[in-house]
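Structure at a glance
Below are the chains, spelled out letter by letter.
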Amino acid sequence: MRPFKQVESRVVPVDRSNIDTDALIPKQYIKSIERTGFGKYLFDEWRFLDKGEPGMLLEQRIPNPEFTLNMERYQGAEILVAQDNFGCGSSREHAVWALEDFGIRVVIAPSFAEIFYANCFKNGVLPIALEPEKVERLIHSALSVDGFSLLVDLPSQLINMSDGESLSFSIDPYYKLRLENGYDDIDITLTKLDQIARYEQKRREQEPWLFTV
Amino acid sequence: MSPQTLFEKLWQRHLVHEPRGVESTEPSLLYVDRHLVYEVTSPQAFEGLRHQQRKPRRPETIIATADHNVPTTDRTQGIADPFSRAQVEQLNKNCEQFGIKEFRLGDIRQGIIHVIGPEQGATLPGMTVVAGDSHTCTHGAFAALAFGVGTSEVEHVMATQCLAVPKMKTLLIRVRGQLSAWVSAKDLILHIIGQIGTAGGTGYAIEFAGSAIESLSMEGRMTLCNMAIEAGARVGLVAVDQKTIDYLEGRPFAPKGEHWSAAVDYWRTLHTDAGAEFDQIIEIDACAVKPMVSWGTSPEMVVAIDEMIPSLSGSVDSVKAEAAATALEYMGLKSGQAISEIEIDKVFIGSCTNARIEDLRTAAAVVKGHKVSQRVKQALVVPGSGLVKAQAEVEGLDAIFRDAGFEWREPGCSMCLGMNDDRLQPQERCASTSNRNFEGRQGAGGRSHLVSPAMAAAAAIHGHFFDVTKMFEVCDA
Ligand code: SF4
């Protein structure tokens, strides 16, 4: 996984709550058996006016000019701000793959659904939960100030604004460590193989019916 | 030992590694006993294993099937959609390569993973159950600690037999009293979500308890736990009682002989001890629950059948009011409209929430002797598994549905998420027994109303939402 240290970029607002993973990546695209290439379908039903199907080329699509991600001023944004309960619904990791593939590296919202939150850390995307008033302010600035940008710094856990003000955010130290270094979860767990084997031995004695096959 | 909650007992039992030191927030490592795999969220995980030259640690704990992306019409010609076919074929290949038991299309045991796990006795009390699907919380009905996970975690569980997961807080939802006739577990969970909101359970493992829960069948308890995730909770739980044990006895994967009696002895300890403390407790009165219908694009946007779509414009919560306005626009509805006046175009009876035999029996009891309304373009019944389908046919339920004008389909997720051809067209309105009414969930532009099987059946007959309890009052008079 790609390590995460710092991102400085424009901010794209999607001013909605309960943005679910179906909205992030509609089901017709998760028929793919690949892990890449989902970015072009991110927010498909909101981003495009026509109905998308897998394999369609971007040039063939009719973009919705009113959706923020399509607006010229938000092009290249790597930071997305939205309302509460972001990423709710289906556990599909394709939602994070789509964000990441599109170029989004930070999502800021008042709250996140748990499975989505965990999925972010496995793909080098930083989810930041901030108080609703602060998110409201960021959304407001992103909507009203052309070129509104932020610098998100993971080591210091700060969001720096161009006027010198900064907002601190909290993050679980262990998650932070993993993201900062791009550690692979499976590698970490595999260092505990002895412990796993000992556990299995004990469990086999306690609940032998789970080990009969 | 101090009294423990059911959640705490299950958690402790599965701890492989507990981070040391108070300052450490490293997640705990839990051992996984059962892993259910399906075609959509697994291909990238298998690919990851191959890439790293890893193998599943205990392939015998994995059961696979294809459910999300399969046709529910005649399957003898295979799958027409090339993307769907490729995904299902890839699952077959992966299971073959790694020695995983799979119920393929055509096998009577094929069905929705959350239906077939319990049906096979592959979900057992005291287990941890994992699947790359958020509705894995369903299995908590058996006092199993069940988590929905993402694809990276699917790979992690296969490679290590463990899941790294931060510990949850505990929430007890105690439901006193009894549900009225024709009011089901589905109405109860929609009522609860209406009360606590879709993020009300975030960070918690919910245990459902109380007299109303004790009275529920295992099917009802599965419906309830199934939608814990719609309240934000990754885990839902119900304690073991005699019903749990009776349900499991004799199922193919359930323990046999002396293992069975030892297992039952242990399972009987799987309940919250008297005096154990929860982080939060919510009390619900079952008698107050009526048949429910969702009106918006989030399961918390729900009211009883005799109510009107609420007005949130004066609400203090501006984000909520805006969300409601957006939802109503999408749904083509207005606040103040009576729920019972909303006309529907399609009916879907199915999904991991409500496609078990009891659900089909209830819906058939409502449908019997009636016809699907002229204004309803399509009414589908999609059994949760091949075995549910076969049982329903033995009982003649298929004939009741067909005679009334329903289509009787092959098992799968179907119109719950519309990955196959079973979809809503833009602006079509559906009475659905599934669990999500998100924008576009059942087809781009489609409008979903979540209801119980009895309410879906009543809506099919009347062409609009109708209080199912009234249908039977009329009959009795
Ligand atoms: S029936 Fe619906 S909710 Fe259940 S597993 Fe299938 S798609 Fe998911």
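The notes below deal with the structure included here.

Definitions and cut-offs
Here the residue index of a chain counts from 1 through its sequence in written order. Working convention: letters from A go to chains and numbers from 1 go to ligands, in the order in which they are written. Predicted model: local features are reported for residues with pLDDT of at least 70 only, side-chain atom pairs are reported and counted for 80 or more only, and whole-chain, interface and lining totals are derived from all residues. Hydrogens and waters are ignored; side-chain quantities use all the structure's heavy atoms. A run of H or I in DSSP counts as a helix once it spans at least four residues, and a run of E counts as a strand once it spans at least two, with each numbered from the N terminus. Any pair of residues with heavy atoms lying within 4.5 Å of one another is described as a contacting pair. Accessibility throughout is a Shrake-Rupley quantity obtained with a 1.4 Å probe, and a residue counts as covered only by protein chains that appear here. When charges are counted, Lys and Arg are positive and Asp and Glu negative, with His and the chain ends excluded. Note on charges: their place is set at NZ of Lys, CZ of Arg, CG of Asp or CD of Glu. Working definition: with a 1.4 Å probe on protein chains only, accessible area under 20% of the residue-type maximum means buried, over 50% means exposed, and in between means partly exposed. Residues enter a nonpolar core if they are buried and are Ala, Val, Leu, Ile, Met, Phe, Trp, Tyr or Cys, with the set joined through side-chain atoms within 4.5 Å. Any Lys or Arg side-chain nitrogen found within 4 Å of a carboxyl oxygen on Asp or Glu counts as a salt bridge. Nearness is judged by heavy atoms alone; a residue qualifies as near a molecule or strand once a single heavy atom is within 4 Å of it. Classes in brief: Ala, Val, Leu, Ile, Met, Phe, Trp, Tyr, Cys and Pro nonpolar; Asp, Glu, Lys and Arg charged; the others, Gly included, polar. An expected span of 1.5 Å times one less than the residue number is assigned to each helix. By construction, the arc corresponds to the directions joining the helix axis to the C-beta atoms. Two strands qualify as a pair provided DSSP detects at least 2 bridges between them. As used here, buried area is the combined drop in accessible area, with a 1.4 Å probe, of two parts when they are placed together. Each polar contact in these results corresponds to two N or O atoms within 3.5 Å; when the atoms are within protein, one needs to be able to donate a hydrogen and the other to accept it, and residues that are neighboring in sequence are counted only if both atoms are side-chain atoms. Helix axes are fitted only over the stretch in contact, all axes being lines through C-alpha atoms; the angle between N-to-C directions runs from 0 to 180 degrees. The labels follow the angle: roughly parallel below 35 degrees, roughly antiparallel above 145, roughly perpendicular from 65 to 115, and oblique for the rest. Crossings are assigned a handedness: left-handed for a near helix turned anticlockwise from the far helix by less than a right angle, right-handed for a clockwise turn. Any Phe, Tyr or Trp ring, taking Trp's six-membered ring, that has another such ring centre within 6.5 Å forms a pair; planes under 30 degrees apart are called stacked, those over 60 apart edge-to-face, and the others tilted. Think of it as a cone above the ring: NZ of Lys or CZ of Arg counts as a charge over the ring if it is within 6 Å of the ring centre and within 35 degrees of the ring normal.

**Details of the overall build of chain B**
When helices and strands are counted, chain B shows 16 helices and 19 strands. Long-range pairs, those at least 24 residues apart, make up 76% of the contacts in chain B with a sequence separation of at least 6. Of the roughly 16,300 Å² that chain B leaves accessible, carbon and sulfur atoms contribute 49%. Averaging the locations of the 45 positively and 58 negatively charged side chains of chain B gives two centres separated by 3 Å.

**Section: the overall build of chain A**
A count of helices and strands for chain A gives eight helices and seven strands. Expressed as lengths along the three principal axes of its C-alpha atoms, the size of chain A is roughly 65 × 45 × 25 Å. Within chain A, buried positions represent 56% of all 213 residues. For chain A, long-range pairs separated by at least 24 residues make up 64% of all intrachain contacts whose partners lie at least 6 apart in sequence. A total of about 8,700 Å² of accessible surface is found on chain A, and carbon and sulfur atoms cover 51% of it. Charged side chains in chain A number 24 positive and 34 negative. The centres of these two groups are separated by 4 Å.

**Here we look at the environment of I159 of chain A**
Residues and elements named next belong to chain A. Within the secondary structure, I159 sits in strand β6 (residues 158-161). Note: C-alpha distance between I159 and Q6 (153 residues apart in sequence) is 9.8 Å. Not counting residues up to four positions away in its chain, the partners in contact with I159 are I108, I128, L130, L150, L151, V152, E165, S166, L167 and F169.

**Comments concerning the nonpolar core**
Core analysis: the largest hydrophobic core is formed by 200 residues, its most contacted members being L80 and F86 of chain A together with F147, W267 and F406 of chain B. Per-element tally for this core: the top contributor is helix α15 (residues 453-462) of chain B, with eight residues. With residues up to four places along the chain from it excluded, the contact list for F406 of chain B reads V347, I349, V367, V372, A379, L380, V381, F401 and A460 of chain B.

**A look at the pattern of salt bridges**
Counted by the stated rule, this structure contains 44 salt bridges over all chains. Residues D185 of chain A and K122 of chain A are paired through a salt bridge, measuring 2.4 Å at the closest nitrogen-oxygen approach. In this pair, D185 of chain A is assigned in helix α7 (residues 185-190) and K122 of chain A in the loop between α4 (114-121) and β4 (126-129), connecting sequence segments 63 residues apart. Under the relative-accessibility criterion, K122 of chain A is labelled buried at 15%. A salt bridge links D467 of chain B to K470 of chain B, with the shortest nitrogen-to-oxygen separation between them at 3.4 Å. Among the charged side chains, a network of salt bridges with common partners joins R203 and E207 of chain A together with R13 and D33 of chain B.

**Looking at the site of the ligand**
All residues adjacent to the ligand are H68, I112, H114, D133, H135, S351, C352, C413, C416, L417, N435 and R441 of chain B. Of the residues assigned to the shell around the ligand, the class counts are five nonpolar, five polar and two charged.

**Topic: helix α8 (residues 193-206) of chain A**
Residues and elements named next belong to chain A. Between its first and last C-alpha atoms α8 spans 20 Å; for 14 residues at 1.5 Å apiece the expected length is 20 Å, and the two agree. Taken together, the buried positions of α8 are I196, Y199, E200 and R203. All buried residues of α8 lie within an arc of 105° about the axis, which places them on one face of the element. Summarising the geometry of α8, the exposed residues directed more than 90 degrees from the buried face are D194, R198 and E205.

**Focus: the pairing of strand β2 (residues 28-31) of chain B**
Residues and elements named next belong to chain B. Residues S28 and L30 of β2 are buried on one face, and the alternating residues L29 and Y31, pointing to the opposite face, are buried as well. Inspection of the sheet shows strand β1 (residues 15-17) paired to β2 by two bridges, in the antiparallel sense. Its bridge partner being in β2, L15 is matched across the sheet by L30. Here β2 runs beside strand β8 (residues 162-165); their pairing, made up of four bridges, is antiparallel. Opposite L29, over in β8, you have A164 as the bridge partner.

**Digging into the interface of chain B and chain A**
Taken together, the contacts link 78 residues of chain B with 64 residues of chain A. Between chain B and chain A lies a buried interface of about 5,600 Å² when both sides are counted; carbon and sulfur atoms form 56% of it. For chain B, the biggest contributors to the area lost against chain A are R13, Q44 and F83 of chain B; these three give 11% of the whole. Between the two partners, chain B and chain A, sit eight salt bridges. Taking the shortest distance from any N to any O, the salt bridge between R16 of chain A and E439 of chain B comes out at 2.7 Å. For the interface between chain B and chain A, the tally reads 34 residue pairs in polar contact (both at pLDDT 80 or more).

**Quick word on the sheet that holds β6 of chain A**
All names here are of chain A. Spatially, seven strands are ordered β4-β3-β2-β1-β5-β6-β7 in an open sheet, and the strand pairing comes out mixed. This sheet does not close on itself; its edge strands, each paired only once, are β4 and β7 (166-168). Here the strands of the sheet are splayed against their neighbours by 25° on average, with no regard to which way each runs. Note: β6 against β7, three bridges, orientation antiparallel. Residue N160 lies in a different strand from β7, and its bridge partner there is S166.

**Topic: the packing of helix α2 (residues 43-51) of chain B against helix α3 (residues 82-98) of chain B**
Packed helix pairs are specified by the crossing angle of their axes together with the interaxial distance, meaning the distance between the axes. Residue and element names in this part refer to chain B. Two numbers describe how α2 lies on α3: the axes approach to 10 Å, and their chain directions differ by 40°. Classed by the angle they form, the pair α2 and α3 counts as oblique. Crossing angle aside, the handedness with which α2 passes α3 is left-handed. Along the contact surface, α2 presents P43, F46, L49 and R50, while α3 presents Q87, Q90, L91, N94, Q97 and F98. Class assignment for the residues of the contact of α2 with α3 results in five nonpolar, four polar and one charged.

**Some remarks on the packing of aromatic side chains**
Residues and elements named next belong to chain A. Tallying each qualifying case throughout the model produces 22 aromatic pairs over all chains. One aromatic cluster is present, built from ring pairs that chain together F86, F112, F116, Y117, F121 and Y175. When the ring centre of W46 is taken as origin, the NZ or CZ atom of R16, which lies over that ring, is 4.0 Å away. Over the ring of F48 we find R61; its NZ or CZ atom is 4.1 Å from the centre of that ring.

**Focus on unusual backbone geometry**
Look at N18 of chain A: it is not a glycine, yet its phi comes out positive at around 55°. Considering the arrangement of structural elements, one finds N18 of chain A in the loop between β1 (6-14) and α1 (21-24).

**Re the sheet that holds strand β18 (residues 429-432) of chain B**
All names here are of chain B. Strands sit in the order β17-β16-β15-β18-β19 across an open sheet of five strands; the sheet is parallel. Because the sheet does not close on itself, it has two edges, and the strands there are β17 (407-408) and β19 (447-450). In terms of strand pairing, strand β15 (residues 346-349) meets strand β16 (residues 378-381) through four bridges, oriented parallel. When the sheet's bridge partners are listed, V347 is paired in β16 with A379.

That's the geometry; what it means functionally is another story.
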